[in-house]
Number of protein chains: 2
Amino acid sequence: MLHSVRNLKTLSRQGHLFRTALAYQPVRTLATAVGKARVGAHTNEKSFFPDEPESPSVKTAIPGPASKEIMSRLDQYQDTRSVFYIADFHKSKGNYIVDADGNVLLDVFAQIASIPIGYNSPAFLSLASSPVFQSALANRPALGVNPTKDWVDTVESAFMSVAPKGMPNVFTAMCGSCANENAFKTAFIYKAAKSRGEKDFSLEELQSCMKNQAPGSPDMSILSFTQAFHGRLFGSLTATASKAIHKVDIPAFDWPKATFPLRKYPLEDNVEYNQKVEKESLAEVEKLVKSWKSPVAAVVVEPVQSEGGDNHASPEYFRGLQKICQEHDVLFIVDEVQTGVGATGTFWAHEAWNLPSPPDLVTFSKKFQAAGFYSHEKFRPAQPYRLYNTWMGDPVRALQSAAIVREVQDKNLLENVNRVGDYLQKELKDISRKHGKLENVRGQGTFIAFDLPTPQERDALIGEMRKNGVNIGGCGDRAIRLRPMLTFQMKHADIFLDTLEKVVAA
Amino acid sequence: MLHSVRNLKTLSRQGHLFRTALAYQPVRTLATAVGKARVGAHTNEKSFFPDEPESPSVKTAIPGPASKEIMSRLDQYQDTRSVFYIADFHKSKGNYIVDADGNVLLDVFAQIASIPIGYNSPAFLSLASSPVFQSALANRPALGVNPTKDWVDTVESAFMSVAPKGMPNVFTAMCGSCANENAFKTAFIYKAAKSRGEKDFSLEELQSCMKNQAPGSPDMSILSFTQAFHGRLFGSLTATASKAIHKVDIPAFDWPKATFPLRKYPLEDNVEYNQKVEKESLAEVEKLVKSWKSPVAAVVVEPVQSEGGDNHASPEYFRGLQKICQEHDVLFIVDEVQTGVGATGTFWAHEAWNLPSPPDLVTFSKKFQAAGFYSHEKFRPAQPYRLYNTWMGDPVRALQSAAIVREVQDKNLLENVNRVGDYLQKELKDISRKHGKLENVRGQGTFIAFDLPTPQERDALIGEMRKNGVNIGGCGDRAIRLRPMLTFQMKHADIFLDTLEKVVAA
């Protein structure tokens, strides 16, 4: 199959939204723009989506007139200031998102890293006709009271088949924030039970907690890191520190933050410095665990700090963290909400750490469609109804998790992620060397980021890439993060890379 | 149609689960058991579900052997101590839930008040074949970034068509706890902006919040009530006070609780006492709002305290609450997670209060399948991304909300709720008078409760009712709560009432 970018359109002028929609100019092919064209280099690759578009196609400014019209209608009811454009998912396919104006974008952001196996995946569409799915849709159970006959099969096929080694329990929830907050609750309950020697609650504890007072509502804490993101509800937001605008004006618990090591790139030129900052971070964690004003029940960490700028650390660092937790009887919670489900090249990112024993709790959501956390039976509270709510997860979404697991296995998607990820990282480093503006290329699998010199240049690059038919996202102050689906192939990487090189050169 | 309870089975002996499954005894009809039979009194009623079972049918102990086997398999992965039995939703229909052992129960608890229009409602099943639904299933949007073309239609048909008067905005979320916590965040952001005179954040605020310290992470509070239930995450659990076991060991904010008025029944004999406790409660609220150690940003209240024991208050009381909020510039949040969507006889329970102006925020979840809160545009934060997360709700569930709204209108379900509710309340009062053990019958629509003398007798009644084919739930210390679906008809009420009278008489 010959891959062409002849349909790739761009817009020369911002602001003329309605006019340019009718009078756009066809753009030069990427090959003439940058001298080298990768597109067409991977013609022997079998496509996961035979009916996917061959290339992006941008006909209007984004958002175009149709998007704007819908946004203005929606804005009557909901805040649309964060909306980039309106999607037309009826026309989207595989790695391509189509917007309300018919613009076709190669999607390397994928609904904030939450689309696993492509738009309109047959694996999801076929679910709708299955009796088990229809029953789950039409009869939403209170899973803590009346799980269905089907639920245990779903738990096995969706969650247990890919459970991190040594983690045979799963708590199901509705979203990443809920998953993390229930993990935090688990840690508090476990730690408190240990502190009182597994004895019964005292009357004073039971009475004081009803007034939100100690000892029943104890002063305990979760240690997290600078730049961390764990969610936006009251407990998870306390553990979050990626952006002030997310936190300001919201009451928070007095929980500690340790400095996350910010490594320098290229890694091979900064070995000593990077070892030093990781060592310092571990020492700070240990000091905080020993000396914080309230007992620390758990340390929570992302395998890659995602919202906070795609900050990676070494496997040694994470093994060191776990060791500190074990030595001080503090739970080690790994937040895999964004890193989980394959994009780093292993199903769970923490698999790459080679831990001597499993983490205590591993949380998930986003690309898995269902949310929750893995754990061990020893972390079940001694009493029922303490980690509990009406729905306790969503079987409709869990059936999608099961479909994702099957697709990952059937299509060998981890192998695809590793192959495409290696290629992307290598080529990005080339572009970085050649053009200078791209700094600090870093990644695991296709979970890749690089920095621009300033936040303004980063934002401008996102805008230019979108005009050229490629949807990417930012994170941290000046990083671009790539969050393709697991179905992102070499041919897609070529389109992304050629477009990036063209835009950077311009 | 002749309604018979001849198939109604019970079990005389607990504990012989596997044996009794094979050797149960047919029970006497209700008529012979209690002298009066309501069943058969409403034969002219047109059934919402022509293919629904005619009556309960209990063949085994509950949980029976099939349930127990599945529970033990599930218990490898998830805590099943709160599970009553395993549901077979493929066989359940309308108001009847069928369990894994083939027991058919009339369901008057409905997955903790969260099933709106019956099991396997054609209105839900037909969704699965609609292109809009299939697209929503196969392409889960980050609604804050890329809402779909379909989303605005869904928002209108699901949420805006039943929006409380004067509340033209809706924030969509994933569950009741998230809905409440985002409502609390809205209140804090609004109150903080007012306090600083709508000025920009100071550098100190932006820096201190990253460390969870004041002034950026301010000491502000939400006032809630004794016995309240608003959820189980860190902010919502702080506002909750229904049971100590839900709260103990979990860190909480130092937020105030006012005493909720606990009225005496029958209302007509306790007018003065009830006015007195409501007046005292309002005075306490006002005192706390004026004097609590941190500024109160909002008062949150349930129209009926549901988990806390089905505690009702008068419309005057709620109007008084709103007045205090308005006088002290505190937001008035109505938590309709359990009361919303018709069961009290109006679509939103607070409609019965006849408020002079709308509440500030109204939260919903459960029976609506989708969660979120209604509000006014003035409560949108001045900056974007402050009330935000990856999914911002779930279009799959919102499409169900739209189907529910259509069913409520097409089938005139509010009228049904009011007719059946009146009948249930009248008959329950009769049973209460006749048999003595049932106390304090109270309700709005079919949202009905009564007390037993002790928690033990309450729990025993739930067990006996289940053995006799009727599924009901408890709340508070000694209350039974009825939470039928909106499709619960007179014939179902008759089965429930006859069974109750038989069990109470025995």
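Just so it is clear, the structure is predicted and the values come from calculations on it, not from any experiment.

Cut-offs used in this document
Residues numbered from 1 in each chain as written. Chains lettered and ligands numbered in written order. Predicted model: local features only at pLDDT ≥ 70, side-chain atom pairs only at ≥ 80, totals over all residues. Heavy atoms only, no water. Salt bridge = Lys/Arg side-chain N within 4 Å of Asp/Glu carboxyl O. Helix = DSSP H or I, 4+ residues; strand = E, 2+ residues; numbered from the N terminus. Buried < 20%, exposed > 50% of the residue type's maximum accessible area, 1.4 Å probe, protein only. Pairing = 2+ DSSP bridges. Contact = heavy atoms within 4.5 Å. Least-squares fit on C-alpha atoms with pLDDT ≥ 70 in both. Axes fitted to C-alpha atoms, helices over the stretch in contact; angles between N-to-C directions. Parallel < 35°, antiparallel > 145°, perpendicular 65-115°, else oblique. Domains from an automatic or database assignment. Buried area = accessible area lost by both parts, 1.4 Å probe. Polar contact = N/O pair within 3.5 Å; in protein donor to acceptor, adjacent residues only side chain to side chain. Left-handed = near helix turned anticlockwise from the far one by under 90°. Nonpolar A, V, L, I, M, F, W, Y, C, P; charged D, E, K, R; others polar. Phe/Tyr/Trp six-rings, centres within 6.5 Å; stacked < 30°, edge-to-face > 60°. Lys NZ or Arg CZ within 6 Å of the ring centre and 35° of its normal.

## Digging into the pattern of salt bridges
Per the counting criterion, the structure on display carries 65 salt bridges over all chains. Between K491 of chain A and E52 of chain A there is a salt bridge, and its shortest N-O distance comes to 3.9 Å. Of this pair, K491 of chain A sits in helix α17 (residues 490-505) while E52 of chain A sits in the loop between α2 (30-34) and α3 (65-74), and the two are 439 residues apart along the sequence. Given the relative accessible area of 11%, K491 of chain A is considered buried. For E52 of chain A, a relative accessible area of 8% gives the class buried. A salt bridge links E415 of chain B to R419 of chain B; the shortest N-O distance between them is 2.9 Å. Taken as a pair, E415 of chain B and R419 of chain B lie in helix α15 (residues 413-435) at a separation of four residues, close to a single helical turn. Accessibility expressed as a relative area gives 39% for E415 of chain B, which makes it partly exposed. Salt bridges sharing common partners tie together R38, K426, E427, K434, D498 and E501 of chain A.

## Some details on the pairing of strand β8 (residues 296-301) of chain A
All names here are of chain A. Summarising burial for β8: six of the six residues are buried, a large majority. Examined bridge by bridge, strand β6 (residues 221-225) and β8 share three bridges and lie parallel to one another. In the sheet register, I222 faces β8, and the bridge partner there is A298. Sheet topology places β8 next to strand β11 (residues 331-335); four bridges connect them, and they run parallel. Bridge pairing in β11 places V301 opposite V334.

## A look at the side chain of E278 of chain A
Residue and element names in this part refer to chain A. Note on placement: E278 falls in helix α12 (residues 271-291). A relative accessible area of 7% means that E278 is categorised as buried. Once residues within four sequence positions are removed from consideration, E278 is found in contact with P261, R263, A313, S314 and Y317.

## Details of the relation of the copies chain B and chain A
Structural alignment of chain B on chain A gives an RMSD of 0.0 Å, achieved by rotating through 180° and translating 0.0 Å along the axis. Such a turn and shift between the copies fits a two-fold axis. A share of 100% of the interface residues of chain B reappears at the interface of chain A, consistent with the copies meeting face to face through the same patch.

## Considerations on the packing of helix α6 (residues 131-138) of chain B against helix α14 (residues 395-410) of chain B
All names here are of chain B. Interhelical geometry of α6 versus α14 gives an angle of 150° and a closest axis separation of 8 Å. One way to sum up the angle between α6 and α14 is to call them roughly antiparallel. Here V132, F133, A136 and L137 of α6 come into contact with α14, specifically with P395, V396 and L399.

## Some points on the domain arrangement of chain A
Residue and element names in this part refer to chain A. By domain assignment, chain A separates into domain 1 (9-117 + 416-505) and domain 2 (177-389). With 23 residues of domain 1 at the contact, the number on the domain 2 side is 19 residues. In total, domain 1 and domain 2 occlude about 1,800 Å² of area from one another, counting both sides; carbon and sulfur atoms represent 52% of this. Among the residues domain 1 hides against domain 2, the three largest losses belong to R442, Q444 and F447. Together they make up 35% of the total. Here domain 1 and domain 2 share two salt bridges between them. Here R481 ties to E307 by a salt bridge, and the two come within 2.7 Å at their closest N and O atoms. Along the contact surface separating domain 1 from domain 2 lie 14 residue pairs in polar contact (both at pLDDT 80 or more). The set of elements that each furnish at least two residues to the side of domain 1 that touches domain 2 consists of α4 (110-113), α15 (413-435), β14 (439-444), β15 (447-451) and β18 (479-482).

## Some details on the packing of helix α7 (residues 151-159) of chain A against helix α14 (residues 395-410) of chain A
Residue and element names in this part refer to chain A. As a packed pair, α7 and α14 sit with axes 7 Å apart at the nearest point and diverge in direction by 40°. The pairing of α7 with α14 is recorded here as oblique in orientation. Of the two possible hands of crossing, α7 and α14 adopt the one that is left-handed. Contact residues: W151, T154, S157, A158 and F159 in α7; P395, A398, L399, S401, A402 and V405 in α14. Considered class by class, the residues forming the contact of α7 with α14 number eight nonpolar, three polar and no charged.

## So, the pairing of strand β5 (residues 169-173) of chain B
Residues and elements named next belong to chain B. For β5, the buried fraction is high: five of the five residues fall into the buried class. Burial along β5 is two-sided: the face carrying N169, F171 and A173 and the face carrying V170 and T172 are both buried. Pairing between β5 and strand β13 (residues 371-375): five bridges, direction antiparallel. By the bridge assignment, F171 is partnered in β13 with F373.

## Regarding the interface of chain B and chain A
On the side of chain A, 125 residues touch chain B, which itself brings 125 residues to the contact. Its salt-bridge partner being R386 of chain A, residue D249 of chain B comes within 2.9 Å of it at the nearest N-O pair. Here chain B and chain A share 74 residue pairs in polar contact (both at pLDDT 80 or more) between them. Here the residues of the side of chain B that touches chain A sort into 68 nonpolar, 31 polar and 26 charged.

## Observations concerning the sheet that holds strand β12 (residues 361-364) of chain B
Residues and elements named next belong to chain B. Read across the sheet, seven strands follow the order β5-β13-β12-β11-β8-β6-β7 without closing on themselves; strand pairing throughout is mixed. Sheet topology places β5 and β7 (257-258) at the edges, where each strand pairs with a single neighbour. Together, β5, β12 and β13 form the strand contacts of helix α7 (residues 151-159), whose direction differs from that of β5 by roughly 105°. Contacting β6 (221-225), β8 (296-301) and β11 (331-335), helix α13 (residues 315-327) runs over the sheet at an angle of about 145° to β11.

## A few points about the packing of aromatic side chains
Under the defined criterion, the tally for this structure stands at 52 aromatic pairs over all chains. Look at F159 of chain A and F368 of chain A: their rings are 5.8 Å apart centre to centre, the planes differ by 85°, and that puts the pair in the edge-to-face class. With F159 of chain A in helix α7 and F368 of chain A in the loop between β12 (361-364) and β13 (371-375), the pair connects residues that are 209 residues apart, well separated along the chain. One exposure class covers both F159 of chain A and F368 of chain A, and it is buried. Seen from their ring centres, F332 of chain A and W353 of chain A are 6.4 Å apart, and the 40° between their planes marks the pair as tilted. One end of the pair, F332 of chain A, is in strand β11; the other, W353 of chain A, is in the loop between β11 and β12, with 21 residues separating them in the sequence. A relative accessible area of 1% means that F332 of chain A is categorised as buried. The structure contains a cluster of three or more aromatic residues connected by ring pairs, namely F184, F188, F234, F253 and W255 of chain A together with F184, F188, F234, F253 and W255 of chain B. Geometry around W391 of chain B places R140 of chain B over its ring, the cationic atom sitting 3.5 Å from the centre.

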